[in-house]
Amino acid sequence: MEGIKGTLAVLTGGGDCPGLNAVIRAVVKTALHNGYQIYGISNGFHGLIQGDMRLLSLHDVSGILPRGGTVLGTTNRDNPFRYASGEDEKGNVIYKDMRGAVVQNLKDRGVECLVIIGGDGSLKIGYDLNRFCGVNVVGVPKTIDNDLPCTERTFGFDTAVAAATDALDRLHTTAESHHRVMVLEVMGRYAGWIALHSGLAGGADVILIPEIPYNIDSVIAKIRERQQQGKKFSIITVAEGAKPIGGKVTVARIVKESFEQIRLGGIGNKLADQIEQLTGIESRCTVLGYLQRGGSPTAYDRVLSTRYGVEAAEACIQKDYNIMVALSANRIIRVPIEKVADHAHQVPLDSDLIKAGRELGICFGD
Ligand code: F6P
């Protein structure tokens, strides 16, 4: 089109996350402001494979800054390199390679660079689209789990921690009134960031994270120690990926068509049952679940999402492709996407947060 400097596209991939709309808004506004047109792709890689995309206007991103979810839609199932397209007669999923469709759909519209707002699965697909198909990509680190490398923060994490902290504050009421052990299971996959931050912010007595396999005897000893001090209740924050020493993670379900098939969940109830049996103290578990992912982003996440979105669009405009925008020492930087793809960021065992927790007498189950 005359006067248009170039064409970009944007998609949101993986689980929804507070701040997605704030990123979309910032990417679109920056692109339009610099004379670019930009396609919004519906439902993540599904829309990219199907060619389901449309040009976005300022009107499309008006009023979405405080809204949770994603106006573009998302899915954490569809991978262009392994696209589930039905089942055979034995019920096995049939996978197709749809990279050709992706390349054609972008080429047909003259898209120079694709902005992928996603977690490790989506960014790995982005990396593969670049190295195997020559598609230019720019990544934006999205996940409530904060488990991406090369960045101090993913957007959405702050909001999830705020929700989990609020839940812990509320659980204190019942814990104190009924003299119970209250367990809160939070998300986070194989990283304990949400459990660690919310546990510290919400005054948990025990924090169990995947990085430190736990010994149930240590947890029981902490609860008994509190009883001896006259504290008749205890609060435990457990990450969904926590596991006992020598044991395995608790799996909630397998999603066969997904790029990451294992969905964790269920450790909290197991733990509450075990504690009740071993101590005789009434114990209850609350699984916070999707309440951590829903709703309006915090002010911090809105600002971070906006900074990421602007930087991502600027990288596209400057043709600085195949990078992920990231946070380092509170500055926005760009890192090569291959450094991010397929790497996880767990809580380091020498984290000052763990040290601070130990000084406060918090039990980490070891
Ligand atoms: O990665 C975000 C996350 O919410 C994880 O914390 C959780 O394990 C997973 O997604 C749940 O996925 P689903 O939406 O498929 O249940």
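This one's a predicted model, so the numbers in the text were calculated from it and none came from an experiment.

**Quick look at the sheet that holds strand 8 (residues 181-186)**
What the 4 strands build is an open sheet, ordered 9-10-8-13; its pairing is parallel. Two strands lie at the open edges of the sheet, namely strand 9 (206-208) and strand 13 (283-287), each paired on one side alone. Ignoring strand direction, the axes of neighbouring strands in this sheet form an average angle of 15°. In this structure, strand 9 lies alongside strand 10 (residues 234-239), joined through 3 bridges in parallel fashion. Bridging across to strand 10, Val206 finds its partner in Ile236. Where helix 5 (residues 157-178) meets the sheet, it contacts strand 8, strand 10 and strand 13, and its direction lies at approximately 165° from that of strand 8.

**Re the pairing of strand 10**
Counted residue by residue, strand 10 has 6 buried out of 6 residues, so it is predominantly covered. Both faces of strand 10 are covered, namely the face carrying Ser234, Ile236 and Val238 and the face carrying Ile235, Thr237 and Ala239. Sheet analysis places strand 8 next to strand 10, joined by 6 bridges and oriented parallel. Looking at strand 10, one finds that Met182 is bridged to Ile235.

**Remarks on the pairing of strand 7 (residues 137-141)**
The buried fraction of strand 7 amounts to 5 of the 5 residues, a majority that puts the element mostly inside the structure. Residues Val137, Gly139 and Pro141 of strand 7 are buried on one face, and the alternating residues Val138 and Val140, pointing to the opposite face, are buried as well. By the bridge criterion, 5 bridges tie strand 6 (residues 113-118) to strand 7 in an arrangement that is parallel. Across the sheet, Ile117 pairs through a bridge with Val140, a residue of strand 7. In this region the chain leaves strand 6, passes through helix 4 (residues 120-133) and returns to the parallel neighbour strand 7; the handedness of that crossover is right-handed.

**Things to note about the side chain of Thr12**
Summarising the element assignment, Thr12 is placed in strand 1 (residues 6-12). Within the local environment of Thr12, its side chain forms a polar contact with the backbone oxygen of Gly73, the two atoms lying 2.9 Å apart. With residues near it in sequence (within four places) discarded, Thr12 still touches Leu20, Ile24, Gly44, Thr70, Leu72, Gly73, Thr74 and Ile117.

**Digging into the sheet that holds strand 15 (residues 331-336)**
Strand order in this open sheet of 7 strands is 3-2-1-6-7-14-15, and the pairing throughout is mixed. Looking along the sheet, the strands with just one partner apiece sit at the ends: strand 3 (53-55) and strand 15. Here the strands of the sheet are splayed against their neighbours by 25° on average, with no regard to which way each runs. Pairing analysis gives 3 bridges linking strand 2 (residues 36-41) to strand 3, with the strands arranged antiparallel.

**Comments concerning the pattern of salt bridges**
Enumeration according to the criterion identifies 18 salt bridges in this entry. Across the salt bridge formed by Arg131 and Asp128, the nearest N and O atoms sit 2.8 Å from each other. Taken together, the residues span about one helical turn, with Arg131 and Asp128 both in helix 4 at a distance of 3 residues. Taking relative accessible area as the criterion, Arg131 reaches 42% and is therefore assigned partly exposed. Asp128 gets classed as buried once you look at its relative accessible area, which sits at 8%. Residue Glu311 pairs with Arg334 through a salt bridge whose shortest N-O separation is 2.8 Å. Taken together, the positions of Glu311 in helix 9 (residues 299-317) and Arg334 in strand 15 put the pair 23 residues apart, joining distant regions of the chain. Classification of Arg334 as partly exposed rests on a relative accessible area of 24%. Each of the salt bridges in this network shares a partner with another, and the network as a whole consists of Asp120, Asp145, Asp147, Arg189 and Glu260.

**Let's talk about the site of the ligand**
The environment of the ligand is formed by Asn76, Ile144, Asp145, Met187, Gly188, Arg189, Glu240, Arg263, Tyr290 and Arg293. Take Glu240: an N or O atom from its side chain is 2.5 Å from an oxygen atom of the ligand. Tyr290 places a polar side-chain atom, nitrogen or oxygen, 2.4 Å from an oxygen atom of the ligand. Here the ligand, which alone exposes 400 Å², has 84% of that area covered by the protein.

**Some points on the nonpolar core**
Formed by 61 residues in total, the largest nonpolar core has its most connected members in Val115, Ile117, Val140, Phe155, Ile194 and Ile235. Examining the composition of this core, we find that 8 residues originate from one element, helix 5, more than from any other. Not counting chain neighbours up to four residues away, the residues in contact with Val115 comprise Ala9, Val10, Leu11, Val27, Val138, Val140, Ala312 and Cys316. With 29 residues, the next largest nonpolar core counts Cys133, Val135, Val335 and Ile337 among its residues.

Calculation criteria
Residues numbered from 1 in each chain as written. Predicted model: local features only at pLDDT ≥ 70, side-chain atom pairs only at ≥ 80, totals over all residues. Heavy atoms only, no water. Pairing = 2+ DSSP bridges. Helix = DSSP H or I, 4+ residues; strand = E, 2+ residues; numbered from the N terminus. Axes fitted to C-alpha atoms, helices over the stretch in contact; angles between N-to-C directions. Contact = heavy atoms within 4.5 Å. Buried < 20%, exposed > 50% of the residue type's maximum accessible area, 1.4 Å probe, protein only. Right-handed = clockwise from strand over helix to strand, strands pointing away. Polar contact = N/O pair within 3.5 Å; in protein donor to acceptor, adjacent residues only side chain to side chain. Salt bridge = Lys/Arg side-chain N within 4 Å of Asp/Glu carboxyl O. Near = heavy atom within 4 Å. Areas by Shrake-Rupley, 256 points an atom, 1.4 Å probe, with all protein chains shown as cover. Core = buried A, V, L, I, M, F, W, Y, C linked by side-chain atoms within 4.5 Å.

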